[in-house]
Amino acid sequence: MKGKKITTTSGIEIKEVYCEPSAMNELPGEFPFTRGIQKDMYRGKPWTMRQYAGFSTAEESNKRYHYLLSQGTMGLSVAFDLPTQIGYDSDNEIAEGEVGKVGVAIDSLRDIELLFAGIQLKDISTSMTINATAPILLAMYITLAKKQGADLKQLPGTIQNDILKEYAARGTYIYPPAPSMRLITDVFEYCSKEVPKWNTISISGYHIREAGSTAVQELAFTLANGKAYLQAALSKGLDINIFAKRLSFFFNCHNNFFEEIAKFRAARRMWANIAKNLGATDPGAQKLRFHTQTGGSTLTAQQPMNNIVRVTTQALAAVLGGTQSLHTNGYDEALSLPTEAAAKIALRTQQIIAFESGATDTVDPLAGSYFIESLTNELEKAAYEYIDKIDAMGGAVKAIERDYIQQEIARSAYEYQQAVENGERLIVGVNKFDEAEPTAQNLFRVDDAIRTTQINKLNELKAERDNVEVKNSLINLEAAARGDSNLMPFILTAVENYATLGEIADTLRSVFGEY
């Protein structure tokens, strides 16, 4: 009797056995980088173990950062609260109920100084998950680095700065697409000259996947967005062989072990060809460098300890797929922000894979597997079908404006949920092997009183700073926004004078409007 049809989460049929010989003749570190962007990959050094954290006030998050660093974290990744993400200070009425809840509250340079107290920015790579207000947070970080005496030419780190996926999947945008793209390319241009080691964008498939996309859609929509950023920078006259070296990507890693590995391999090959076709001749500008986070939407509130197993298999897939840095989720994150204990187990998961599993001993260890090579090819083919449709619409910006990408993600999310509810897709502890459980204890909670703390800090700041200098810097920023100057120097001046994030964002709102 013919066996049941089995597919990946993207609907690609999985055969019972794979017998085709591999056509792979390339080596790691060589175009198109399917097998990895470095010849020795983790034999040279392991990926960056970068734990994502941020909550409450800058002072509280600073304590968690020092704890993570003491436990062996190699890089920090900052989560910001919603008001910070959409350009509102903590004292704005819109911020009520959200201050410090899903990340740290940052209202001014003073908060950044507290956030990184006792941490030398020149010695640690920091990633900041920030988009609409990315130029402002980057300006704060650069200003603090200068105060610490760091050499900005050597300053490492990343800002997400990926506004297209906000329109498509996540929603924390402020301005319309055109001025948003201007801000992004202004950051490209400024950093290429002043902070050349900084990764100026982390083109994110993570949130596209969290919104319900398939692996193929995550791959296609992320690379289509990346292509749009390349084209926007080229139209501004920037050199692709310079700015493309500082582009990075941010992918999700879900439960379908082999599909995820193949997705990462296909992504490298596709991006190398996309960049080459747009004029990149330097291999460094053709390489897809990426950070991975294990799948937040795969975590279950039911039987939360099962999430340790999910995170482990996802992390291993990311490593076998060749990630450059990795964040592993805490097992309790379906219930609350991660507790310190859960964050430590998540970090130890990476350390065990790196130092005990043997997964790092050779480069691209699954290369030549009939299954992996076939799946890599099929994911690439299916993703290009989406990219061709997006190109026919005029590119990612036009596709987002037509609601095409959003509708495709919504359709996939609906189909997935239907499959879970009717039992076609099994989730252990949810629709299979479920059982009555006691209410979870010892969850992490953020005190609502921190908004009052932040408001008091803002009031003190405004009383102490030179408000004439603040006003003048905001007037100059507004004038620059009405023209065509690069806005980063003007934002930096405002930040240095302790203008608040909300004041700077409001100045830009007055020129660009809201979307």
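Residues numbered from 1 in each chain as written. Predicted model: local features only at pLDDT ≥ 70, side-chain atom pairs only at ≥ 80, totals over all residues. Heavy atoms only, no water.

**A closer look at the sheet that holds strand β7 (residues 198-199)**
- The strand order across the open sheet built from nine strands is β7-β6-β5-β4-β3-β11-β10-β9-β8, with neighbouring strands paired in parallel fashion. Across the chains shown, the open sheet's two edge strands, defined by having one partner strand only, are β7 and β8 (201-204).
- The pairing of strand β6 (residues 157-159) with β7 spans two bridges and is classified as parallel. Across the sheet, residue G157 finds its bridge partner in β7, namely W198. (Pairing = 2+ DSSP bridges. Helix = DSSP H or I, 4+ residues; strand = E, 2+ residues; numbered from the N terminus.)

**Side note on empty space enclosed by the protein**
- This structure, assessed with the given rule, holds five cavities of 30 Å³ or more.
- Taken as a whole, the largest cavity spans an internal volume of roughly 70 Å³.
- For the largest cavity, the lining is made up of 14 residues, of which M41, V319, L320, G322 and D364 are closest to its centre.
- Considered class by class, the residues forming the lining of the largest cavity number seven nonpolar, four polar and three charged.
- The volume enclosed by the second largest cavity comes to roughly 60 Å³. (1 Å grid on protein atoms, 1.4 Å probe; cavity = no way out; pocket = protein on both sides within 12 Å on 5 of 7 lines; lining within 4 Å. Points joined across faces, edges and corners; volume = space filled by probe spheres on them. Nonpolar A, V, L, I, M, F, W, Y, C, P; charged D, E, K, R; others polar.)

**Points about the pairing of strand β9 (residues 247-253)**
- For β9, a buried count of seven out of seven residues is recorded, marking the element as mostly surrounded by other parts of the structure.
- Neither face of β9 is open: one carries L247, F249, F251 and C253, the other S248, F250 and N252, and all of them are buried.
- Both β8 and β9 contribute to a ladder of four bridges, which runs parallel. Within β9, the residue paired with I203 across the bridge is F249.
- Direction of pairing for β9 relative to strand β10 (residues 290-294): parallel, over a ladder of five bridges. By the bridge assignment for β10, F250 is matched with H291. (Buried < 20%, exposed > 50% of the residue type's maximum accessible area, 1.4 Å probe, protein only.)

**Overview of the side chain of S412**
- Topologically, S412 is positioned in helix α16 (residues 404-421).
- For S412, a relative accessible area of 7% corresponds to the buried category.

**Points about the pairing of strand β4 (residues 75-79)**
- In terms of residue burial, β4 counts as a mostly covered element, since five of its five residues are buried.
- With burial as the criterion, each face of β4 is covered, one bearing G75, S77 and A79 and the other bearing L76 and V78.
- In this structure, strand β3 (residues 48-53) lies alongside β4, joined through four bridges in parallel fashion. In the strand pairing of β4, A53 is matched with V78.
- One crossover worth recording links β3 to the parallel β4 by way of helix α1 (residues 58-70), and it is right-handed.
- Pairing of β4 with strand β5 (residues 125-129), which is carried by five bridges, proceeds in the parallel orientation. The partner of A79 across the bridge, within β5, is T129. (Right-handed = clockwise from strand over helix to strand, strands pointing away.)

**Focus: the layout of surface pockets**
- When its volume is computed, the largest pocket comes out at roughly 1300 Å³.
- Along its surface, the largest pocket is lined by 41 residues, and T8, T9, Y416, A419 and R425 are the ones closest to its centre.
- When residues of the lining of the largest pocket are assigned to their parent elements, the largest contribution, eight residues, is made by α16.
- Its residues assigned to classes, the lining of the largest pocket shows 15 nonpolar, 17 polar and nine charged.
- Approximately 880 Å³ is the volume attributed to the second largest pocket.
- Around the second largest pocket sit 39 residues that line it, and T48, R50, N199, R289 and Q324 are the ones nearest its centre.
- Only β3, β5, β6, β9, β10 and β11 (325-327) provide two or more residues apiece to the lining of the second largest pocket.
- Considering each element in turn, the lining of the second largest pocket owes the most residues, four residues, to β5.
- For the lining of the second largest pocket, the residue count by class is 12 nonpolar, 20 polar and seven charged.

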